[in-house]
Amino acid sequence: MKRSGKKAATDRNFVVALSRGLEVLRAFRPNDGLLGNQEIAARTNLPKPTISRLTYTLTKLGYLTPVPRFEKYQLAPSAMALGYAALANLGVRHLSEPYREDVMRETGGAVAVGGRDRLSMIYFGQSRNGLTLGVQLDVGSRIPIATTAMGRAYIWALPDDERAALLRELRDHYGSRWPKIRDGIERSGELVAKRGFAISAGEWQDDVHAVGVALQLNDGTGPYAFNCGAPAFRFTEDRLLDDIGPRLVAMVRNIEQALGGVAPQSRKAESKKSRSGGKVARVAEGI
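Residues numbered from 1 in each chain as written. Predicted model: local features only at pLDDT ≥ 70, side-chain atom pairs only at ≥ 80, totals over all residues. Heavy atoms only, no water.

Caption draft 1: Fine view of the overall build of the protein. Counting secondary structure elements, the protein contains ten helices and eight strands. Here the protein holds 287 residues, and 46% of them are scored as buried. By sequence separation, contacts in the protein at least 24 residues apart represent 60% of the contacts at least 6 residues apart. When the accessible area of the protein is evaluated, it comes to approximately 15,100 Å², of which 52% is carbon and sulfur surface. (Helix = DSSP H or I, 4+ residues; strand = E, 2+ residues; numbered from the N terminus. Buried < 20%, exposed > 50% of the residue type's maximum accessible area, 1.4 Å probe, protein only. Contact = heavy atoms within 4.5 Å. Areas by Shrake-Rupley, 256 points an atom, 1.4 Å probe, with all protein chains shown as cover.)

Structure follows, in structure tokens:
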């Protein structure tokens with residue numbers, strides 16, 4: 001979910017109470033189980049008295065289930081139904097499944113599709129077997145946008161103004177670590193321009209190597225991004241560049257065609273990037 005560029009304090013259309021209620025629901029993560037008001041307050045940076053009122057309201061509305069014995073809450077079926085409804089409306093998830101399964105079998109890597117959730121990418125479809133990754137990621141899992149192949153592919157699929165805004169958010173978030181992370185994003189921009197894919201070789205997790213490719217559609221949704229990853233010993237950097245990357249690009253282009261193709265301006269932008277060579281990555285310079 002993208003955040004509005006407007007400041008809540010000056011946007012008269014922004015409903016603060018609603019945003020705080022949604023922040024409470026967002027505080028629950030996969031495999032969390034139960035959360036108490038104090039834990040929710042810590043995750044949302046909201047005062048505990050405010051959290052108490054919000055959890056009471058969300059309980060009355062059926063989005064949280066109280067567990068009095070532990071003085072904690074868990075997500076109720078009504079909250080989970082929102083997520084399932086969103087997944088059902090993502091045609092790319094269903095249509096891409098056979099393509100993902102094919103690449104998974106051909107490469108031995110896990111293949112996933114995701115979209116942006118603030119400074120993360122969130123998985124909404126995945127194909128993997130039990131031997132694919134030491135880190136088991138499922139639908140709903142979040143990975144950092146700045147250091148992963150999926151996230152970097154997404155970054156370079158954005159229009160220039162949206163990418164610049166996201167890079168500023170990432171700069172503020174990472175602080176002193178930003179120069180090194182920015183360098184990785186810039187290198188990815190060069191690779192996307194030349195080869196159509198981004199890589200992350202141990203930059204997110206030391207033992208995980210992956211390729212990422214963005215999906216561009218002409219219906220106003222997205223962009224989305226796919227990745228294909230495996231343990232580093234299985235996906236060497238040479239294999240990422242010579243085999244996995246081109247294979248994932250071909251898969252995503254086939255999915256784009258099946259979904260109705262990309263917008264004409266996206267193809268033009270891609271062509272322009274390819275001609276610009278090293279200038280592509282330097283969009284991030286100074287940020």
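Caption draft 2: Quick peek at the pattern of salt bridges. Summed over the entire model, instances satisfying the criterion amount to 17 salt bridges. A salt bridge links Glu39 to Lys72; the nearest nitrogen and oxygen atoms lie 3.5 Å apart. Placement of Glu39 in helix α2 (residues 37-44) and of Lys72 in strand β2 (residues 72-75) is noted, with a sequence separation of 33 residues between them. For Lys72, a relative accessible area of 27% gives the class partly exposed. Here Glu169 makes a salt bridge to Arg116, at a shortest N to O gap of 3.5 Å. Taken as a pair, Glu169 in helix α7 (residues 160-174) and Arg116 in strand β3 (residues 110-117) lie far apart in primary sequence, 53 residues in all. Here Arg116 falls in the buried class, since its relative accessible area comes to 13%. Taken together, the salt bridges that share partners define one network made up of Glu106, Arg239, Asp243 and Arg247. (Salt bridge = Lys/Arg side-chain N within 4 Å of Asp/Glu carboxyl O.)

Caption draft 3: A look at unusual backbone geometry. The backbone of Asn45 shows a phi angle near 60 degrees, a positive value even though the residue is not glycine. Relative to the elements of secondary structure, Asn45 occurs in the loop between α2 and α3 (48-60). The phi angle at Glu71 is positive, at roughly 55 degrees, despite the residue not being glycine. Positionally, Glu71 belongs in the loop between β1 (64-67) and β2.

Caption draft 4: Looking closely at the packing of helix α5 (residues 91-107) against helix α9 (residues 237-258). Relative to each other, α5 and α9 sit at 155 degrees, their axes nearing to 10 Å. Judged by the inter-axis angle, α5 sits roughly antiparallel to α9. Handedness of the α5/α9 crossing: right-handed. Only Arg239, Ile244, Arg247, Met251, Asn254, Ile255 and Ala258 of α9 make contact with α5, whose side of the interface consists of Val92, Leu95, Ser96, Tyr99, Arg100, Val103, Glu106 and Thr107. (Axes fitted to C-alpha atoms, helices over the stretch in contact; angles between N-to-C directions. Parallel < 35°, antiparallel > 145°, perpendicular 65-115°, else oblique. Left-handed = near helix turned anticlockwise from the far one by under 90°.)

Caption draft 5: Representation of the sheet that holds strand β5 (residues 142-144) in the model. Spatially, the six strands line up as an open sheet ordered β5-β4-β3-β8-β7-β6, and their pairing is antiparallel. A single partner strand is all that each edge strand has here, and the edge strands are β5 and β6 (198-201). Mean inter-strand twist for the sheet, computed between neighbouring axes without regard to direction, equals 35 degrees. Here β3 pairs with strand β4 (residues 120-127) via seven bridges, running antiparallel. When the sheet's bridge partners are listed, Ala112 is paired in β4 with Gln126. Of the strands in this sheet, β3, β4, β7 (208-215) and β8 (224-231) are in contact with α5, which crosses β4 at around 75 degrees. (Pairing = 2+ DSSP bridges.)

Caption draft 6: Looking closely at the environment of Ile287. Assignment of secondary structure puts Ile287 in the segment after α10 (264-276). Relative accessible area serves as the criterion here: at 13%, Ile287 is assigned to the buried category. Excluding its chain neighbours within four sequence positions, the residues that come into contact with Ile287 are Ala164, Leu167, Arg168, Arg171, Trp178 and Arg182.

Caption draft 7: Molecular detail of a nonpolar patch on the surface. Judged by side-chain polarity, Val15, Leu18 and Leu22 come together as a nonpolar surface patch covering roughly 270 Å² of accessible area. Within the element layout of this structure, Leu18 appears in helix α1 (residues 16-26). Owing to a relative accessible area of 52%, Leu18 belongs among the exposed residues under this scheme. (Patch = residues over 30% accessible without salt bridge, like charges linked within 9 Å, V, L, I, M, F, W, Y side chains within 5 Å.)

Caption draft 8: Structural context of the environment of Gly62. Examined against the element boundaries, Gly62 turns out to sit in the loop between α3 and β1. Note on Gly62: relative accessible area 24%, which makes it partly exposed. In this structure the C-alpha to C-alpha distance between Gly62 and Leu75, which are 13 residues apart in sequence, comes to 9.0 Å. Excluding residues that lie within four positions of it along the chain, Gly62 makes contacts with Ala76, Ser78 and Ala79.

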